[in-house]
Amino acid sequence: MKVDDIRTIAVLGAGDMGHGIAEVALIAGYKVFLRDVKKEYVDKGVSRIHESLEKLVSKGKVAPDHYEKIKNELLVSCVDLEEAVKEADLVIEAIPEIMDLKKETFRIVDNAAPSHAILASNTSTMSISEIASATKRPEKFVGLHYFNPAIIMKLVEVIKGDKTSEETMQVCYDFVLKNKKIPVRVHKDVPGFIVNRVQAPASILLNSILDKGEAAPDEVDAVMRRLGMPMGPYEVIDYTGVDINYHVSGYFAQSVHPDFAMGKTLTAKFQAGELGKKTGSGIFKWENGRAVIDLSKNTDKFDPMDIVAVNSNEAAKIVEQGACSFDDVDVAIKNATGNALGLIAVIKGIQPEDLCKRLEGLSEKYGKEVFKPARLIREGAYR
C-alpha cells in the first residue's frame, strides 16, 4: 500500500480531537466519514468544523470552492460504526481513553473495514500494541497521535506497535506530510510516547514543591511567565484539569514508576472536587475564565532549569530504549508545545557532570528515584 492509495478516512469520535483531525484531512482533500455514538455529538462536531472552515475561508487560508466541495462531497456524518468504516482506507480513532472501549470498537471496525485499511489510534497514553491485539491485522495498526487543537498544532507522533509493519509506518508518515503536519516516528511503544512522556517528570517536581511548600504556585508561575511561557505550569494543571492530571499521573505510576503518582496536595484537591478552571477553583481561583495569579511575585526558591533537567533525563531514557533520537525529542517538543528551543538544545551546553550533580541533588532532596541520571546523561550522549 502507498500513501496515494488513501482516499477515504473514517474518524471515530467527533469531540475536541476527532473533529479537528477530520478538519485537517478535509482541508487536505480527503473524503471523511465523521462518526460518534449520538447524532447530537456528530452534529456538534460538524458544526465546529464548518465554523472553523468559514474563518479559514475569510482569511484566505482555504479556497471557497474547496469549502463548497467539503460541504457537498467530502464530509459525511454518521452514527453507525460499520457504515462509517466500510469504505475507509484509513480509520483514525479518537474516542475516550478507556482501553476496553477502544478494544471493543476496533473489534467491530476490524470486521467491517476493508481488508487493506490501516487502523490507527489517536490515544495519548495507551499501548498501541495492546489496542492492536483486539484486531486480526496488528501489522496494519499504528498510533497517530495529534495534538490539540489539531488544526493548529503541527506535530503528529507516528507510533509503531510491536507488530506494526514498516509499510504501515511509512504510509502513515507520508499521510501526515500530505496533511501538512510534521510527523515524528516513535519506533517503540513506550508509555506516553515522546512528548507526554518527556514532560511527565516535571509534574513529579511540581507536586514535590507543592507538598513541601517550598514556593507558592504564584511564584513558580510568575518565574515561568517571565521566561516567555504563555502559561505557568501550575496554571496549565488547572487549565487542563486536576482530574486529568491525576489520571495521567496514575497511568505513569502504574506503567513506568511509582514516583509518577500524584502528590498529596493535588490528590486532596482531586478528592475535594477542586479541579481547576472547570470548577472555578483548583490550585488557583478562577474568575471569568482566568486564573487569579499574582504575577508580580519573584522568587529564587525555584530554578526553571530543574524542570529542564528532569525532563531531559526522561528523554534520555526513551532514547536509550530505542523509541526515538535526541533530535526527534526536540522536533516533537517544538512542534507540540510551542517551545521554540526544544529541550535537548537547552542542555547541550551543560557539562554531563554538572547535569548529573543537579539530578542527583533533586533525587536526594525529594526522594525520587526517577530523577537519578540516566546512562546517556552520564555519558554526555546528548551533546
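Residues numbered from 1 in each chain as written. Predicted model: local features only at pLDDT ≥ 70, side-chain atom pairs only at ≥ 80, totals over all residues. Heavy atoms only, no water.

(A) Here's a closer look at the overall build of the protein. Assigned secondary structure in the protein consists of 17 helices and 10 strands. The C-alpha extent of the protein, read off along each of the three principal axes, is 60 × 45 × 40 Å. Every one of the 383 residues in the protein was classed for burial, and the buried ones make up 53%. For the protein, the share of sequence-separated contacts (at least 6 apart) that also reach a separation of at least 24 residues comes to 70%. (Helix = DSSP H or I, 4+ residues; strand = E, 2+ residues; numbered from the N terminus. Buried < 20%, exposed > 50% of the residue type's maximum accessible area, 1.4 Å probe, protein only. Contact = heavy atoms within 4.5 Å.)

(B) Representation of the packing of helix H2 (residues 39-58) against helix H3 (residues 64-74) within the structure. Close contact between H2 and H3 brings their axes to 10 Å; oriented N to C, the two are set at 165°. As far as their axial angle goes, H3 and H2 are roughly antiparallel. Note that H2 runs across H3; the crossing there is left-handed. Contacts from His50, Leu53, Glu54 and Val57 of H2 reach H3 at Pro64, Tyr67, Ile70 and Lys71. Residues of the contact of H2 with H3, tallied by class, amount to five nonpolar, one polar and two charged. (Axes fitted to C-alpha atoms, helices over the stretch in contact; angles between N-to-C directions. Parallel < 35°, antiparallel > 145°, perpendicular 65-115°, else oblique. Left-handed = near helix turned anticlockwise from the far one by under 90°. Nonpolar A, V, L, I, M, F, W, Y, C, P; charged D, E, K, R; others polar.)

(C) View of the environment of Ile118. Counting through the fold element by element, Ile118 comes out in strand S5 (residues 118-121). Relative accessible area serves as the criterion here: at 2%, Ile118 is assigned to the buried category. Expressed as a C-alpha distance, the spacing of Ile118 and Ile92, which sit 26 residues apart in the sequence, is 8.7 Å. Those residues in contact with Ile118, other than ones at most four positions away along the chain, are Met1, Asp89, Leu90, Val91, Lys140, Val142, Thr168, Val171 and Cys172.

(D) Here's a closer look at the nonpolar core. Counting 87 residues, the largest nonpolar core has Val85, Val109, Ile194, Tyr234, Val329 and Ile377 as its most contacted members. At nine residues, the largest contribution of residues to this core is made by helix H8 (residues 195-212). Aside from chain neighbours lying at most four places away, what touches Ile194 is Glu157, Val184, Arg185, Val186, Ile318, Cys324, Val329 and Ala332. (Core = buried A, V, L, I, M, F, W, Y, C linked by side-chain atoms within 4.5 Å.)

(E) Here's a closer look at the pattern of salt bridges. According to the stated counting rule, one finds 22 salt bridges in the structure shown. Of the charged contacts in the structure, one is a salt bridge between Lys103 and Glu130, with a shortest N-O distance of 3.3 Å. Note that Lys103 is positioned in helix H5 (residues 99-112) and Glu130 in helix H6 (residues 128-132), a separation of 27 residues in sequence. For Lys103, a relative accessible area of 16% corresponds to the buried category. Accessibility expressed as a relative area gives 35% for Glu130, which makes it partly exposed. Overlapping salt bridges, with partners in common, bring together Glu93, Glu97 and Lys102 in one network. (Salt bridge = Lys/Arg side-chain N within 4 Å of Asp/Glu carboxyl O.)

(F) Just the state of the cysteines, in detail. Counting across every chain of the model gives zero disulfides. Counting only cysteine sulfurs, Cys324 is the nearest neighbor of Cys172, a cysteine outside any disulfide, at a range of 18 Å. With no disulfide partner, Cys356 has as its closest neighbouring cysteine sulfur the one in Cys324, 19 Å distant. Residue classification places Cys356 among the buried residues on the basis of a relative accessible area of 9%. (Disulfide = S-S within 2.5 Å.)

(G) Highlighting the layout of surface pockets. Taken as a whole, the second largest pocket encloses approximately 160 Å³ of empty space. If you go around the second largest pocket, the residues you meet are Leu12, Gly13, Arg35, Asp36, Val37, Leu81, Ile95, Pro96, Leu101, Thr105 and Ile108. Looking at which element gives the most residues to the lining of the second largest pocket, the answer is H5, with three residues. Classifying every residue of the lining of the second largest pocket by side-chain character gives seven nonpolar, two polar and two charged. (1 Å grid on protein atoms, 1.4 Å probe; cavity = no way out; pocket = protein on both sides within 12 Å on 5 of 7 lines; lining within 4 Å. Points joined across faces, edges and corners; volume = space filled by probe spheres on them.)

(H) Region of the structure containing unusual backbone geometry. Residue Pro149 is bonded to the preceding Asn148 through a cis peptide linkage, with omega at -5°. Here Pro149 shows up in the loop between strand S6 (141-146) and strand S7 (155-160). We note that Lys180 has phi near 60°; this positive angle belongs to a residue other than glycine. Here Lys180 is to be found in the loop between helix H7 (166-178) and strand S8 (182-186). In this structure, Phe193 takes a positive phi of about 55° despite not being glycine. Mapped onto the secondary structure, Phe193 falls in the loop between S8 and H8.

(I) Representation of the sheet that holds S6 within the structure. Here we have eight strands laid out as an open sheet, ordered S3-S2-S1-S4-S5-S6-S7-S8, and mixed in their pairing. Sheet topology places strand S3 (75-78) and S8 at the edges, where each strand pairs with a single neighbour. Direction aside, the axes of adjacent strands within the sheet are offset by 25° on average. Against the sheet, helix H1 (residues 16-27) contacts strand S1 (8-12), strand S2 (31-35), S3, strand S4 (90-93) and S6, and its axis sits at roughly 170° relative to S2. (Pairing = 2+ DSSP bridges.)

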